[in-house]
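Summary of structural features
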Amino acid sequence: MTSKISILAIDLAKGSFQVCAVGLDGMVVFNRAVSRTRLATLLAEHPACIVAMEACATSHHWGRFAQSHGHEVRLVPAAYVKPFVKRQKNDRADAEAIAEAALRPTMRFVAVKSAATQGRAVAFRTHQCMVRQRTQLINALRGHLAEFGLVAPKGPASLKLLENALADQSTDLPTPVRHMGSIYVEQIARLTEVIDRLSDELETSSKTDEQLRRLCSIPGVGPVTAGAVAAFAPDLDTFDSGRNFAAWLGLVPRQRSTGGKARLGSVSKMGQTDIRRLLIVGASCQRRAFRATSVIRWVIRRGGSTNRWLAALVARKPKMVAAVALANKMARMIWALSTKQENYRMA
C-alpha cells in the first residue's frame, strides 16, 4: 500500500502529529495521528514521496529530516492552506487541507532552511530580544522615578541621569526606591554588555562574510539588516525580480483592483516582518548601521541630496512614505547585488 502513496501531508505539533496519506488517484489512503517517534520512523522507512507541511517553527527541522531520507518536501504557507479546510477545523481536516494545497500546480512553497541559516536567525532574534528587555527595564525605571519627581528623556542615552539621581544622597528618595533602582541599573548594565557583545559579533561577521560585506555597502543597510537578510530571506535567486523580493517583504501597496481599475492602498505588510522593519525604521544599536529613516532625516536636515530621485521624493511626500519607498528601493538593490554578485556602485 505504501507504494501507492504519492504524498504524506503532516499537520505538525509537539507530541502528536496528524498524517494524511494521499494515493496516486488523489484519494485519502489513511488519516491518523502518530507520535513523534512513529513519525520519524514513518519518514525513514517510507519510500520516497512528497512530504507536505505547513510552514511553521518546526517545519524546517522535519523538512531537513525528510529530505535526508529522499523525500521531496513542500512547505505551504498557512494562509494558503486555510482556503482548503472543509467545514470544521480539526487536525484531520487540517492535514487533508495541507495535502490538497500542496497538490495545486500554481501553489507557492517555502524553501527549507538549513541549520546554519536557522542558527543565524536565533542569533538575530536573541539580539532583538535583549534590546526589547533593556528598553522595558529602562522604561520601568523611568516610570518609577517619575513618581518621585525625577524625569528623564527616553532611550538608553538618558540612563546616566537616572543613575546619578539614585547615587545623589541629597535626592529625596526612600531607601527601598534606591535599592530597587540599583537592581534595575545592574540588570540594564548586564543586558547592555550582552547586546554590545552580540552587536560586535554581527559587525565582525559583516566584515568577514563576503555576502554581508556586499550588502553593507548599500546606503541604508547596516550589519544588523544584512544579518537579518542572511538569516530570514531564502536564496534570492528564487525571486524572478527585485520587485518580487520587495513584495515578499511586504513593501508594495495592497491592491483592491477590479474591472481594469487599479486601486492601490497602503503598504501590504504581508511579508517578512523583521527585514521590513529594519529597512524602514531600523532597530540596530550599531553606530554604522544606517537606516532608511536616518537617510531621510539626513536629507531633510541638509535640505537636499545628490540623489535627485530621493530629493524629489522627500520634497513631495511625507517622511514616512518616503522611508517606505526608499526601503522598497533598498530591497531591490539587495536582490540585484546578491543575484549578480556585484558590489554597490554609486550612480
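For the structure, check the block above.
The shown structure was predicted, so the numbers you read here are calculated from the model rather than taken from an experiment.

On to the pairing of strand S2 (residues 16–23), then. Summarising burial for S2: seven of the eight residues are buried, a large majority. Hairpin geometry of S2 and strand S3 (residues 28–35) is characterised by an intervening segment of four residues between the two adjacent antiparallel strands and by a positive phi of about 85 degrees at Gly26.

Before going further, it helps to examine unusual backbone geometry. Here Arg87, not a glycine, exhibits a phi torsion of approximately 55 degrees, which is positive. Checked against the element boundaries, Arg87 lands in the loop between helix H3 (78–81) and helix H4 (91–102). For Gln341, which is not glycine, the phi dihedral falls at a positive 55 degrees. For Gln341, the position within the fold is in the segment after helix H14 (319–340).

Quantified by volume, the largest pocket comes out at close to 1,600 Å³. Lining the largest pocket we find 39 residues, and of these Pro77, Val110, Trp248, Met270 and Gly271 sit closest to its centre. Listed by contribution, the elements that provide at least two residues to the lining of the largest pocket are H3, helix H5 (115–146), helix H10 (242–249) and strand S6 (253–255). Counting residues per element, the lining of the largest pocket draws most heavily on H5, which supplies five residues.

It is worth spelling out the pairing of strand S1 (residues 5–11) at this point. Burial analysis of S1 places seven of its seven residues in the buried class, the great majority of the element. In sequence, S1 turns back onto S2 through a hairpin of four residues.

Let us now look at the pattern of salt bridges. Taken as a whole, this structure holds nine salt bridges when the rule is applied. Here Glu100 ties to Arg104 by a salt bridge, and the two come within 3.4 Å at their closest N and O atoms. Residue classification places Glu100 among the partly exposed residues on the basis of a relative accessible area of 30%. For Arg104, a relative accessible area of 35% gives the class partly exposed. In this structure, the salt-bridge partner of Arg277 is Asp274, at a minimum N-O distance of 3.5 Å. Of the two residues, Arg277 and Asp274 are both situated in helix H11 (residues 273–280); the distance of three residues between them amounts to about one turn of the helix. Arg277 sits in the partly exposed class, given a relative accessible area of 30%. Asp274 sits in the buried class, given a relative accessible area of 9%. A network of salt bridges, in which partner residues are shared, links Arg125, Asp274 and Arg277.

The rules behind each value
- Residues numbered from 1 in each chain as written.
- Predicted model: local features only at pLDDT ≥ 70, side-chain atom pairs only at ≥ 80, totals over all residues.
- Heavy atoms only, no water.
- Buried < 20%, exposed > 50% of the residue type's maximum accessible area, 1.4 Å probe, protein only.
- Helix = DSSP H or I, 4+ residues; strand = E, 2+ residues; numbered from the N terminus.
- Pairing = 2+ DSSP bridges.
- 1 Å grid on protein atoms, 1.4 Å probe; cavity = no way out; pocket = protein on both sides within 12 Å on 5 of 7 lines; lining within 4 Å.
- Points joined across faces, edges and corners; volume = space filled by probe spheres on them.
- Salt bridge = Lys/Arg side-chain N within 4 Å of Asp/Glu carboxyl O.

Note that all results are geometric; they support no functional claim without further evidence.
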